[in-house]
Amino acid sequence: MKPVASYGIVNADTSGPGAFLRAAKWYWDELTDMFAAAGFKSVMIPMVPNTENVSRNGAPICTASIRTRFGSPKGYLEYLNDKGIENVEVIGVSAQAMYNSLFETGLSMDRFYEGFYDYAMDCAKALTELGGSTLLLSPTPGIGFLELEFKGDQERISKFCCEAAECMNKIGASCKEIGIKAVIRNEFWTLMRGDAVQDFLKLLDAEAVTYAPDPAHLSIAGADYLGIFKEYAGQAEAVCFTDTCFTDEQGAYRTISPEFPQDGKAQRVYWDLGFGSMDFDAIYRILKEAGFDGPVVLDSHYSLDIPKGILRMRTFWNRLEKNYAKEVR
């Protein structure tokens, strides 16, 4: 297994504390140094579509900003190598990020997946220059956004889900041609939530697109995350590790701020890895027994303390390996 540290530890989308710092190149320079100092050799970057505002950002979160700051993805890889990072193993592309960009691009929902395909393949081609292997796809925007967009028309939402599957297959086929693996992830607030991801997988070409299960998102949606890991570990080409203690008692998944619930007694969704309630020892054992040897995206999503979160991530992985070694002696 290959641990891959996710830049998703930083929330680069909201206007919360430190937002202006996160737009500065020096902030990400320091962050990269921290990942290398913690012993990580590979990283995952959640990338957004190229827009005028994001492209002039100092954050390496779209291909245009990388080209602006480093000349090319290859130039960025040379920069990372100098810092002690060997490659960008995984790039994440998100239909929610695509939806968020529509106010700048002016793209209509009828052409949503045309734009998503272009966005995904732009990132996939950059990934080949960054020495990576895996394009991680989040196929639909949030349920709350879609219900607003389509005014609760479930027939239109179902059609949109089918369009998503067609697009994932097209992306998967194109990625295969350039030597990149296309995998989908499930979030608790999209049309792929919980067990619904398995129905979606039936619409996909398994030769072109595989599934990267995520325990926290499965758990929040009420799915048996250990059972799903057992089912898919043997065919998975990547997995995501995200931690949580959150129980969605108020139906946050159907709102337009599912990751930041406004109601209920529990309003913190993501926890640093190892500090939530997910049984990662059991997950690690399942993966080992299945012979899984792909990238494991370590995602202490939206940590409240970035430097400490990075160190906790390394400690978490070291402990997992140590615990498993003790178990099999």
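Because the structure is predicted, anything quoted here is derived from the model rather than measured. Numbering of residues starts from 1 in each chain and follows the order in which that chain's sequence is written. Only residues with pLDDT of at least 70 are given local features in this predicted model, and only at 80 or more are side-chain atom pairs given and counted; all residues enter the totals for whole chains, interfaces and linings. Each side-chain value is derived from all of the structure's non-hydrogen atoms; neither hydrogens nor water enter the calculation.

## Looking at the sheet that holds strand β5 (residues 181-184)
At step 1: Here 8 strands make up an open sheet; going across it, the order is β6-β5-β4-β3-β2-β1-β8-β7 and the pairing parallel. Edge strands, defined here as strands with exactly one partner in the open sheet, are β6 (209-211) and β7 (239-241). Taken over all neighbouring pairs, the strand axes of this sheet differ in orientation by 30° on average, direction set aside.
At step 2: Any two strands with at least two DSSP bridges between them are considered paired. Labels follow the DSSP assignment, with helices taken as runs of H or I lasting at least four residues and strands as runs of E lasting at least two, numbered in each case from the N terminus. When strand β4 (residues 134-138) meets β5, the two strands line up parallel, connected through 4 bridges. Residue pairing across strands places T134 opposite K181, the latter belonging to β5.
At step 3: Relative to the sheet, helix α8 (residues 112-129) contacts β2 (42-47), β3 (87-94) and β4, its axis offset from that of β3 by approximately 175°.
At step 4: Sitting on the sheet, helix α10 (residues 154-178) is in contact with β4, β5 and β6, with an inclination near 175° to β4. In this analysis, axes come from line fits to C-alpha atoms, helices being fitted only over the stretch in contact, and the angle between any two N-to-C directions falls in the range 0 to 180 degrees. Contacts between residues were defined by any pair of non-hydrogen atoms, one from each residue, lying within 4.5 Å.

## As for helix α4 (residues 63-70)
At step 1: Exposure is judged per residue with a 1.4 Å probe applied to protein chains only, and the accessible area is read against the type maximum: over 50% gives exposed, under 20% gives buried, and values in between give partly exposed. Restricting attention to buried positions, one finds in α4 the residues T63, A64, S65, I66 and F70.
At step 2: Of the residues trailing α4, G71 is marked for its positive phi of about 90°.

## Side note on the packing of helix α2 (residues 25-37) against helix α5 (residues 73-83)
At step 1: Two elements in contact, α2 and α5, have axes separated by 9 Å at closest approach and are oriented at 50°. By the angle class used here, α2 and α5 are oblique. Crossing of α2 against α5: the hand is right-handed. For the pair α2 and α5, contact is made by K25, W28, D29, T32, D33 and A36 and by Y79, L80 and K83, respectively.
At step 2: When residues are grouped by polarity, Ala, Val, Leu, Ile, Met, Phe, Trp, Tyr, Cys and Pro land in nonpolar, Asp, Glu, Lys and Arg in charged, and all others, Gly among them, in polar. Across the contact of α2 with α5, the residue classes break down as 4 nonpolar, 1 polar and 4 charged. In this scheme, roughly parallel covers angles under 35 degrees and roughly antiparallel covers those over 145, while 65 to 115 is roughly perpendicular and the rest are oblique. By convention, the crossing between two helices is left-handed when the near helix turns anticlockwise from the far helix through less than a right angle, and right-handed when the turn is clockwise.

## Notes on a positive patch on the surface
At step 1: The patches reported here contain residues having more than 30% relative accessible area and no salt bridge. Joining distances are 9 Å for like charges and 5 Å for nonpolar side chains (Val, Leu, Ile, Met, Phe, Trp, Tyr). The Shrake-Rupley method, run with a 1.4 Å probe, gives the accessible areas here. Residue values count only the displayed protein chains as cover. Take a side-chain nitrogen of Lys or Arg and a carboxyl oxygen of Asp or Glu: if they are within 4 Å of each other, that pair is a salt bridge. For the purpose of charge, His is not counted, nor are the chain termini; Lys and Arg are scored as positive and Asp and Glu as negative. By convention, charge coordinates are those of NZ in Lys, CZ in Arg, CG in Asp, or CD in Glu. On the surface, a cluster of positive charge is contributed by R319, K322, K326 and R329.
At step 2: Looking at the element boundaries, K322 is found in helix α15 (residues 306-328).

## Things to note about the pairing of β3
At step 1: The element β3 is largely enclosed, with a buried count of 8 among its 8 residues.
At step 2: In terms of strand pairing, β2 meets β3 through 6 bridges, oriented parallel. Pairing of M47 across the sheet is with V93, part of β3.
At step 3: Where β3 and β4 come together, 5 bridges link them in parallel fashion. Bridge assignment links V93 to a residue of β4, and that residue is L137.

## Quick look at the nonpolar core
At step 1: The biggest cluster of nonpolar side chains holds 102 residues, and the ones touching the most others in it are F116, L135, I171 and F241.
At step 2: Ranked by residue count, the leading element in this core is α8, at 10 residues.
At step 3: One finds V4, M44, V90 and V183 within the second-largest nonpolar core, a separate group that totals 9 residues. We call a set of buried Ala, Val, Leu, Ile, Met, Phe, Trp, Tyr and Cys residues a nonpolar core when their side-chain atoms join them within 4.5 Å.

## So, the packing of aromatic side chains
At step 1: Two aromatic rings, drawn from Phe, Tyr or Trp (for Trp, its six-membered ring), form a pair once their centres lie within 6.5 Å of each other, and the interplanar angle then sorts them: stacked below 30 degrees, edge-to-face above 60, tilted otherwise. Scanning the model with the defined rule gives 24 aromatic pairs in all.
At step 2: Between the aromatic rings of Y211 and Y232, the centroid separation amounts to 5.1 Å while the plane-to-plane angle is 90°, which identifies the pairing as edge-to-face. Of this pair, Y211 sits in strand β6 while Y232 sits in helix α13 (residues 225-232), placing them 21 residues apart in sequence. Here the two residues Y211 and Y232 agree in accessibility, since each one is buried.
At step 3: Ring pairing ties together the aromatic residues Y7, W26, Y27, W28, F35 and F40, which thus form one cluster.
At step 4: A cation over an aromatic ring shows up here: R312 above the ring of F275, its NZ or CZ 4.0 Å from the ring centre. Distance and angle both matter: a charge sits over a ring if NZ of Lys or CZ of Arg is within 6 Å of the ring centre and within 35 degrees of the ring normal.

## Quick look at the pattern of salt bridges
At step 1: Under the defined criterion, the tally for this structure stands at 12 salt bridges.
At step 2: In this structure, R67 and D122 form a salt bridge, with 3.8 Å as the shortest nitrogen-oxygen distance. Separated by 55 residues along the polypeptide, R67 in helix α4 and D122 in helix α8 bring together distant segments of the chain.
At step 3: Of the residues examined, D122 reaches a relative accessible area of 23% and is grouped as partly exposed.
At step 4: Across the pair D272 and R312 runs a salt bridge whose closest N-O atoms are separated by 2.9 Å. You can see D272 sitting in the loop between β7 and α14 (280-289) and its partner R312 sitting in helix α15, a full 40 residues away along the chain.
At step 5: Judged by relative accessible area, which is 2%, D272 ranks as buried.
At step 6: Linked by salt bridges that have partners in common, D110, R156 and E163 make up one network.

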